[in-house]
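Residue-level listing of the chains:
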Amino acid sequence: QVQLVESGGGLVQAGGSLRLSCAASGRPFSSYAMGWFRQAPGKEREFVAGISWSGGIPYYAYSVKGRFTISRDNAKNTVYLQMNSLKSEDTAVYFCAARTGALPPSEEYEYHYWGQGTQVTVSS
């Protein structure tokens, strides 16, 4: 069992930056691949970024590649999402998710544990 708590969301102007954090508790954090997803109003939840359990392999959705960076600190049981050059279309609730296994798939049904989400609002 893993508990996930996101933080770092907020209101930012277009072009600005935010860093989201997801703190995990429970089973050893290093045994999980981690993902970030987001859900905008009226839309389905979508994959944003994922990282392998060792932190060596990041994956990104095309829409955020080059702007967002996922990282993890296994000693702190935390995964991060650095978001730069934010756009209004990045406005959404952002969720972190954990999956037992090495690699982070992009399908949400593959993930076993979810946080409660943190709101990111980008004003234009």
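Here, the structure is the one placed above.
First, a word on what this report is: a plain description of the structure on this page. Only a predicted model underlies this, so the values are computations on that prediction, with no experimental measurement involved.

Conventions we followed
Residue indices begin from 1 for each chain and proceed along its sequence in written order. Note on the predicted model: pLDDT of at least 70 is required for a residue's local features to be given, and 80 or more for side-chain atom pairs to be given and counted; whole-chain, interface and lining totals, by contrast, use all residues. Processing note: side-chain calculations cover all non-hydrogen atoms of the structure and skip hydrogens and water entirely. Secondary structure elements follow DSSP: runs of H or I of four or more residues count as helices, runs of E of two or more count as strands, with numbering from the N terminus. When a residue's accessible area, from a 1.4 Å probe over protein chains only, is under 20% of the maximum for its type it is buried; when over 50% it is exposed; and in between it is partly exposed. Sulfur atoms of two cysteines make up a disulfide when they are within 2.5 Å. Paired strands, in this sense, are two strands between which DSSP finds at least two bridges. The convention used is that axes are lines fitted to C-alpha atoms, helices contributing only their stretch in contact, and that angles between N-to-C directions extend from 0 to 180 degrees.

## A closer look at the environment of Glu107
Here Glu107 is to be found in the loop between strand 9 (92-100) and strand 10 (113-114). Among the residues examined, Glu107 registers a relative accessible area of 34% and is labelled partly exposed. For Glu107 and Arg45, which are 62 residues apart along the polypeptide, the C-alpha to C-alpha distance reads 9.8 Å.

## A look at the state of the cysteines
A full pass over the atoms with the stated rule returns one disulfide. Note on cysteine connectivity: Cys22 is disulfide-linked to Cys96, with sulfurs 1.9 Å apart. Residues Cys22 and Cys96 are joined through a disulfide that is right-handed, its torsion about the S-S bond being 45°. Of this pair, Cys22 sits in strand 3 (residues 18-26) while Cys96 sits in strand 9; the two residues are 74 residues apart in sequence, bridging distant segments of the chain. Comparing Cys22 with Cys96, the two get one shared label, buried.

## A look at the pairing of strand 3
The sheet contact formed by strand 1 (residues 2-7) and strand 3 spans six bridges and is antiparallel. Bridging across to strand 3, Val5 finds its partner in Ala23. Here strand 3 runs beside strand 8 (residues 78-83); their pairing, made up of six bridges, is antiparallel. When the bridges of strand 8 are listed, Ser21 appears paired with Tyr80.

## Topic: the sheet that holds strand 3
Taken in spatial order, the four strands make up an open sheet running 1-3-8-7, and their pairing is antiparallel. At either end of the open sheet lies a strand with only one pairing partner, and these are strand 1 and strand 7 (68-73). Within the sheet, the average angular offset between the axes of one strand and its neighbour, ignoring direction, is 15°.

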